[in-house]
Amino acid sequence: MTSSLDGGPVHPATYDHGGGVRSLRVPIPDNPLGHTLVYVVDTDRGPVLVDTGWDDPASWGALTAGLIACGTSVTELYGVVVTHHHPDHHGLSGAVREASGAWIAMHAADGAIVRRTRATRPERWYAYMTDKLVAAGAPEEHVAPLRTARRRALPGLSPVLPDREIEPGELLDLPGRRLRAIWTPGHTPGHVCLHLEEDHPDRRPGHGRLFSGDHLLPGITPHIGLYEDPDDATVTDPLGDYLASLERVGRLAVAEVLPAHQHAFTDAPSRVRELLGHHEDRLADLRELLAEPLTPWQLAERMEWNRPWEQIPYGSRNIAVSEAEAHLRRLVKLGHAEAVTGSDPVTYVAA
């Protein structure tokens with residue numbers, strides 16, 4: 001082990017990135033991602049966390065032990081900045097607040113999702129998911145379990161409400177630090193990256209460091225799906241939002257990216273170009289698939305994933321269909337695809 005001054009490991013599950021920034025590996029139960037990187041940022045009022053990790057006893061144990069290894073404790077925390085509402089990022093925020101009195105900050109768009117989630121009974125979500133999948137052309141054998149599972153509790157349905165709303169472009173309340181919120185919708189409507197506008201501790205060229213959440217990862221393409229209010233008919237374009245957000249982040253030209261998964265990396269503009277190219281190629285491939293009319297479900301079956309469709313688990317298929325619909329929305333908005341009039345369930349064809 002090395003001291004914090006060296007910028008290296010200080011504990012098997014912690015890492016010192018220098019300049020008063022450390023990361024903790026907080027496990028995600030039964031998930032191939034393995035863990036969330038929770039960042040501890042020193043301030044003049046006490047440590048502030050960027051995300052908190054999954055709400056699970058083992059995850060809580062890892063978080064509290066990691067904080068002690070960093071020379072602090074959960075009771076000393078001043079605040080929590082949540083990059084987005086997903087349970088592997090926001091799950092332990094309530095426990096942190098209860099133990100420390102720390103405030104929780106989140107973008108208003110994700111805060112609205114948290115409020116809606118808390119106010120909606122599980123059976124309403126099952127009904128909504130059933131209707132969406134039927135409309136997307138899912139076969140009855142896939143939909144049937146949802147029709148009979150409405151009394152079961154769904155995970156992540158009691159996320160805590162934030163205390164503060166993150167305003168895009170604002171300098172957050174981190175005394176002694178310059179941490180600016182960059183609104184980066186796409187992965188979720190209220191996802192934010194956090195630009196630490198300070199010289200890199202190793203004097204690397206570039207403009208500070210970026211806590212990128214799930215927006216920009218070194219080896220993973222973030223999921224882009226639909227997050228819609230069952231009572232709101234607004235047609236969103238999350239993939240378009242994501243691509244625009246990527247370009248905005250690339251222009252920051254930061255010295256280093258500190259993501260929520262995998263590992264820190266440099267050359268953000270290069271990674272942004274890779275992701276933009278990936279989605280450009282994927283949209284072109286989907287347009288070719290739409291030479292014949294396809295439902296969103298049929299399109300998802302034919303899309304390229306990290307494994308054959310037959311090996312994709314039940315829940316992940318729902319996510320895949322949501323991603324297919326997000327890509328269809330983008331193609332329609334660009335004028336490259338259109339819905340087939342009178343089709344039920346609706347099919348799409350290249351335009």
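On a predicted model such as this, the values are computed, not experimentally measured, just so you know. (Residues numbered from 1 in each chain as written. Predicted model: local features only at pLDDT ≥ 70, side-chain atom pairs only at ≥ 80, totals over all residues. Heavy atoms only, no water.)

Q: Please clarify how the overall build of the chain should be interpreted in this entry.
A: Helices and strands together make up the secondary structure of the chain, namely ten helices and 13 strands. C-alpha extents for the chain along the principal axes are approximately 65 × 45 × 35 Å. The proportion of buried residues among the 351 residues of the chain is 50%. Across the chain, contacts joining residues at least 24 apart in sequence account for 64% of those joining residues at least 6 apart. For the chain, the accessible area works out to roughly 15900 Å², and carbon and sulfur atoms hold 50% of it. (Helix = DSSP H or I, 4+ residues; strand = E, 2+ residues; numbered from the N terminus. Buried < 20%, exposed > 50% of the residue type's maximum accessible area, 1.4 Å probe, protein only. Contact = heavy atoms within 4.5 Å. Areas by Shrake-Rupley, 256 points an atom, 1.4 Å probe, with all protein chains shown as cover.)

Q: I tried to follow the packing of helix α8 (residues 268–289) against helix α10 (residues 314–333) on my own but got confused; where do I start?
A: The relative placement of two packed helices comes down to the angle between their axes together with the axis-to-axis distance. Where α8 meets α10, the axes come as close as 11 Å, and the angle between the chain directions of the two elements is 85°. As summarised for this structure, α8 and α10 are arranged roughly perpendicular, according to the angle between their axes. Contact with α8, carried on its side by H279, R282, L283, L286 and R287, involves E323, H327, R330 and L331 of α10 and no other residues of that element. Residue composition of the contact of α8 with α10, by class: three nonpolar, two polar and four charged. (Axes fitted to C-alpha atoms, helices over the stretch in contact; angles between N-to-C directions. Parallel < 35°, antiparallel > 145°, perpendicular 65-115°, else oblique. Nonpolar A, V, L, I, M, F, W, Y, C, P; charged D, E, K, R; others polar.)

Q: Explain the sheet that holds strand β5 (residues 79–81) to me, please; I cannot follow it from the model alone.
A: Consider a sheet: its strands pair through backbone hydrogen bonds, and that pairing is either parallel or antiparallel. Pairing within the open sheet is mixed, and its seven strands lie in the order β1-β2-β3-β4-β5-β6-β7. Looking along the sheet, the strands with just one partner apiece sit at the ends: β1 (14–16) and β7 (164–166). Direction aside, the axes of adjacent strands within the sheet are offset by 25° on average. Of the strands in this sheet, β1, β2 (21–27), β3 (35–41) and β4 (48–50) are in contact with helix α1 (residues 57–69), which crosses β2 at around 155°. (Pairing = 2+ DSSP bridges.)

Q: How should I be thinking about the nonpolar core in this particular structure?
A: Core analysis: the largest hydrophobic core is formed by 42 residues, its most contacted members being L216, Y242, L290, L299 and W309. Of all the secondary structure elements, the ones that give two or more residues to this core are α5 (122–135), α6 (140–147), α7 (238–250), α8, α9 (296–302) and α10. At six residues, the largest contribution of residues to this core is made by α10. Dropping the residues within four chain positions of it, L290 is found in contact with L299, L328, L331, A337, Y348, V349 and A350. (Core = buried A, V, L, I, M, F, W, Y, C linked by side-chain atoms within 4.5 Å.)

Q: Please explain the pairing of β2 as it appears in this structure.
A: Walk down a regular strand and you will see the side chains alternate between the two sheet faces. Burial analysis of β2 places five of its seven residues in the buried class, which makes it a mostly covered element. Taken together, the three bridges between β1 and β2 define a ladder with antiparallel strand orientation. The residue of β2 that forms the bridge with D16 is R22. The antiparallel hairpin formed by β1 and β2 contains four residues in its connecting segment, where G18 sits at a positive phi of about 85°. One ladder, built from seven bridges, connects β2 with β3; its direction is antiparallel. When the sheet's bridge partners are listed, V21 is paired in β3 with V41.

Q: Can you walk me through a negative patch on the surface in this structure?
A: Side chains of E280, D281, D285, E288 and E304 sit close together on the surface and give a patch of like negative charge. Inspection of the secondary structure assignment puts E288 in helix α8. Overall, the relative accessible area of 62% leaves E288 in the exposed class. (Patch = residues over 30% accessible without salt bridge, like charges linked within 9 Å, V, L, I, M, F, W, Y side chains within 5 Å. Salt bridge = Lys/Arg side-chain N within 4 Å of Asp/Glu carboxyl O. Lys, Arg positive; Asp, Glu negative; His and termini not counted. Charge placed at Lys NZ, Arg CZ, Asp CG, Glu CD.)

Q: Please explain the packing of aromatic side chains as it appears in this structure.
A: Centre-to-centre distance and the angle between the planes together describe a pair of aromatic rings. Across all of its chains, the model carries four aromatic pairs by this definition. Ring geometry for W125 against Y128: centres 6.2 Å apart, planes inclined by 70°, an arrangement best described as edge-to-face. Highlighted residues: W125 and Y128, both in helix α5, separated by three residues, approximately one helical turn. Given a relative accessible area of 14%, W125 falls into the buried group. With relative accessibility at 16%, the residue Y128 sits in the buried group. One residue, R282, lies across the ring of W305, its end atom 4.7 Å from the ring centre. (Phe/Tyr/Trp six-rings, centres within 6.5 Å; stacked < 30°, edge-to-face > 60°. Lys NZ or Arg CZ within 6 Å of the ring centre and 35° of its normal.)

Q: I would appreciate a short explanation of the packing of α6 against α10 in the present structure.
A: For the pair α6 and α10, the least separation of the axes is 12 Å and the interaxial angle reads 110°. Relative to α10, α6 is oriented roughly perpendicular. For the pair formed by α6 and α10, the contact residues are H142, P145 and L146 on the first element and Y314, R317 and N318 on the second. Counted by class, the contact of α6 with α10 contains three nonpolar, two polar and one charged residues.

Q: I tried to follow the confidence of the model for the chain on my own but got confused; where do I start?
A: If pLDDT is low for a region, its predicted coordinates should not be looked at in detail. Residues with a pLDDT of 70 or more make up 94% of the chain, whose mean pLDDT is 91. Under a pLDDT of 50 for its full length, residues 1–11 has, in the predicted model, 21 contacts with residues more than four places off or in other chains. (pLDDT = per-residue confidence, 0-100.)

Q: What should I look at first to understand the sheet that holds strand β9 (residues 192–196) in this one?
A: Taken in spatial order, the four strands line up as β8-β9-β10-β11 in an open sheet, and their pairing is mixed. The sheet is open, and its two borders are formed by β8 (179–183) and β11 (256–259), each paired with just one other strand. Ignoring strand direction, the axes of neighbouring strands in this sheet form an average angle of 25°. Pairing geometry for β9 and strand β10 (residues 209–213), over three bridges, is antiparallel. Counted as the bridge partner of L194 is F211 from β10.

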